[in-house]
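Spelled out, the chains give:
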Amino acid sequence: DLSFNFYAGSCPGAELIVRNTVRSASSSDPSVLGKLLRLIFHDCFVQGCDGSVLIRGNGTERSDPGNASLGGFAVIESIKNVLEIFCPGTVSCADILVLAARDAVEALGGPVVPIPTGRRDGTVSMAANVRPNIIDTDFTVDKMINIFSSKGLSIQDLVVLSGAHTIGAAHCNTFNSRFKLDPKGNLELIDSSLDNSYAQTLMNKCSSSLDPTTTVVENDPETSSTFDNQYYKNLLAHKGLFQTDSVLMEDDRTRKIVEILANDQESFFERWTESFMKMSVIGVRVGEEGEIRRSCSAVN
Ligand code: HEM
Ligand SMILES: [Ca+2]
Ligand SMILES: [Ca+2]
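About the cut-offs
Residues numbered from 1 in each chain as written. Chains lettered and ligands numbered in written order. Predicted model: local features only at pLDDT ≥ 70, side-chain atom pairs only at ≥ 80, totals over all residues. Heavy atoms only, no water. Helix = DSSP H or I, 4+ residues; strand = E, 2+ residues; numbered from the N terminus. Buried < 20%, exposed > 50% of the residue type's maximum accessible area, 1.4 Å probe, protein only. Lys, Arg positive; Asp, Glu negative; His and termini not counted. Salt bridge = Lys/Arg side-chain N within 4 Å of Asp/Glu carboxyl O. Polar contact = N/O pair within 3.5 Å; in protein donor to acceptor, adjacent residues only side chain to side chain. Core = buried A, V, L, I, M, F, W, Y, C linked by side-chain atoms within 4.5 Å. Contact = heavy atoms within 4.5 Å. Donors = N, O, S within 2.8 Å, 3.2 Å for Na, K, Ca; no water. Domains from an automatic or database assignment. Buried area = accessible area lost by both parts, 1.4 Å probe. Disulfide = S-S within 2.5 Å. Near = heavy atom within 4 Å. Patch = residues over 30% accessible without salt bridge, like charges linked within 9 Å, V, L, I, M, F, W, Y side chains within 5 Å. Areas by Shrake-Rupley, 256 points an atom, 1.4 Å probe, with all protein chains shown as cover. Charge placed at Lys NZ, Arg CZ, Asp CG, Glu CD.

Observations concerning the side chain of arginine 293
Locating arginine 293 in the fold gives a position in the segment after α11 (265-279). Put simply, arginine 293 is tucked away with no salt bridge, and the nearest opposite charge, on glutamate 291, sits 4.4 Å away. Reaching out from arginine 293, the side chain makes a polar contact with the backbone oxygen of aspartate 50 at a distance of 3.2 Å. There is a polar contact of 2.9 Å between the side chain of arginine 293 and the backbone oxygen of glycine 51.

Overview of the nonpolar core
Within soluble globular proteins, side chains that are nonpolar tend to cluster in buried spots. Ranked by size, the top nonpolar core spans 73 residues in total, and within it Leu37, Trp272 and Phe276 carry the most contacts. Top element by residues in this core is helix α4 (residues 93-107). It accounts for nine residues. Non-local contacts of phenylalanine 276, meaning those with residues more than four positions away in its chain, are made with Leu37, Ile40, Val98, Ala101, Arg102, Val113, Ile115 and Leu161.

Considering the coordination of the iron atom of ligand 1
Looking at the iron atom of ligand 1, one finds just one donor atom contributed by the protein, His165 (NE2), at 2.1 Å. Mapping histidine 165 onto the fold places it in the loop between α6 (155-162) and β1 (169-171).

Let's talk about the domain arrangement of the protein chain
One widely used convention gives an interface's size as the accessible area the parts lose upon coming together. What the domain assignment lists for the protein chain is domain 1 (14-135) and domain 2 (141-276). At the junction of the two partners, domain 1 supplies 20 residues and domain 2 supplies 17 residues. Taken as a group, Phe45, Leu108 and Ile135 account for 38% of the area that domain 1 buries against domain 2, more than any other trio of residues on that side. On the surface where domain 1 and domain 2 come into contact, there are zero salt bridges.

Structural notes on the state of the cysteines
Under the criterion given, the structure shown has four disulfides. At a sulfur-sulfur separation of 2.0 Å, the disulfide partner of cysteine 172 is cysteine 206. Across the S-S bond linking cysteine 172 and cysteine 206, the dihedral sits near -80°, which makes this disulfide left-handed. Of this pair, cysteine 172 sits in the loop between β1 and β2 (179-181) while cysteine 206 sits in the loop between α7 (196-205) and β4 (216-218); the two residues are 34 residues apart in sequence, bridging distant segments of the chain.

Thoughts on the coordination of the calcium ion (ligand 3)
At the metal site, the calcium ion (ligand 3) is ligated by Thr166 (O), Thr166 (OG1), Asp220 (OD), Thr223 (O), Thr223 (OG1), Thr226 (O) and Asp228 (OD), and these contacts range over 2.3 to 2.5 Å. Each donor residue of the calcium ion (ligand 3) belongs to the same chain, with the gaps between them written as T-x53-D-x2-T-x2-T-x1-D. A residue is classified by how much of its surface remains accessible, and aspartate 228, at 9% relative accessible area, is buried.

What to know about α6
Quick reminder: α-helices carry 3.6 residues per turn. Residues three or four places apart thus point the same way. Buried residues dominate α6, accounting for six of its eight residues. By the burial criterion, the buried members of α6 are Asp157, Leu158, Val159, Val160, Leu161 and Ser162. Turning to α6, the residues buried within the fold contact α5 (141-150), α8 (230-236), α10 (252-263) and α11. Measuring from the backbone nitrogen of glutamine 156 back to the side-chain oxygen at the start of α6 gives 3.3 Å, which picks out serine 154 as the cap.

Observations concerning the site of ligand 1
Neighbouring ligand 1 are 25 residues; His165, Gly168, Ala169, His171 and Phe242 lie closest to it. Alanine 169 places a polar main-chain atom, nitrogen or oxygen, 2.9 Å from an oxygen atom of ligand 1. One nitrogen or oxygen atom from the main chain of histidine 171 is found 2.8 Å from an oxygen atom belonging to ligand 1. Those elements that place two or more of their residues in the shell around ligand 1 are α2 (32-44), α6, β1 and α11. It is α2 that contributes the most residues to the shell around ligand 1, five residues altogether.

Some points on a negative patch on the surface
Together, Asp264, Glu266, Glu270 and Glu274 line one region of the surface with negative charge. Along the polypeptide, aspartate 264 turns up in the loop between α10 and α11.

Focus on the pattern of salt bridges
Taken as a whole, this structure holds 13 salt bridges when the rule is applied. Between arginine 102 and aspartate 103 there is a salt bridge, and its shortest N-O distance comes to 2.8 Å. A relative accessible area of 3% places aspartate 103 in the buried class. Of the charged contacts, one joins aspartate 252 and arginine 255 as a salt bridge, the two residues approaching to 2.9 Å between their closest N and O atoms. A residue pair is termed a helical-turn pair when its members lie 3 or 4 positions apart in one helix, as aspartate 252 and arginine 255 do in helix α10 at three residues. Counted as one network, the salt bridges with shared partners bring together Glu15, Arg102 and Asp103.

Take a look at the structure:
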């Protein structure tokens, strides 16, 4: 089973090494923090939190177009390299991923989530598993709830974990179907759930002269480098970046939770801790299952 401080005997410095490496990587490139947090979502939802998202090669999850914009792999690999020097063959990549995501949240002012460890690494990674398990930005609330519930996660978990979009950035092509330019070059707001001036700002940042697959915009227009409850305030102001953010305001069940979290950061942090812990144990392998990878990007 998983336990707190699983590596206390076998690799006492493990959690500190993860934390320090995340800190130093982010001091040279702050954008890694959002990437590390997003990685855990894409790992845990596909085949459980088993490091399957990290494996490189033809036909792996990483090769799927749905995962094309993931990042942070180099940070995970460099953590692993240090750990292999101090405690060879001991700390799983699946644990490193969860710990690094936890530390990314802390580094931006969020709560420190206690993480039980002892996850084992999976040995399978298939591109075909990505699309059925990862939520696309055109999903309805019902479709999102269904996927979350198939992972043992509730409606509250959906709203709380969507709060991850309080940090990080997104490529223009993930939201620019919400508006388009008419032939005269004027903004045409297709999705009326979006605040007009916010849409205008986004349009300017994603102007048609720029490549939408490389241009990025902050997820949280107010505080994208702080892990806070601003995401929910943005939703109330009709400034959710993705369609899947905005629709949380259109369903009574999710809107009620948004309203609570927008008004109470303490409550967001408490619920984040709970929901993040739940997500980080989806489908974990323990004991003798799986393996401890030597390199996070390849099975042994
Ligand atoms: C509920 C459904 C969700 C949808 C539809 C969704 C969709 C997206 C999309 C389209 C992006 C932009 C990616 C890019 O263009 O590079 C993004 C970014 C991000 N997502 Fe989500 N996401 C969801 C849930 C989550 C969850 C549960 C987490 C983690 C707990 C998360 C964490 C992040 C983070 C941190 C970023 C910023 C990444 C960066 O800065 O590079 N998302 N998400
Ligand atoms: Ca996985
Ligand atoms: Ca924020």
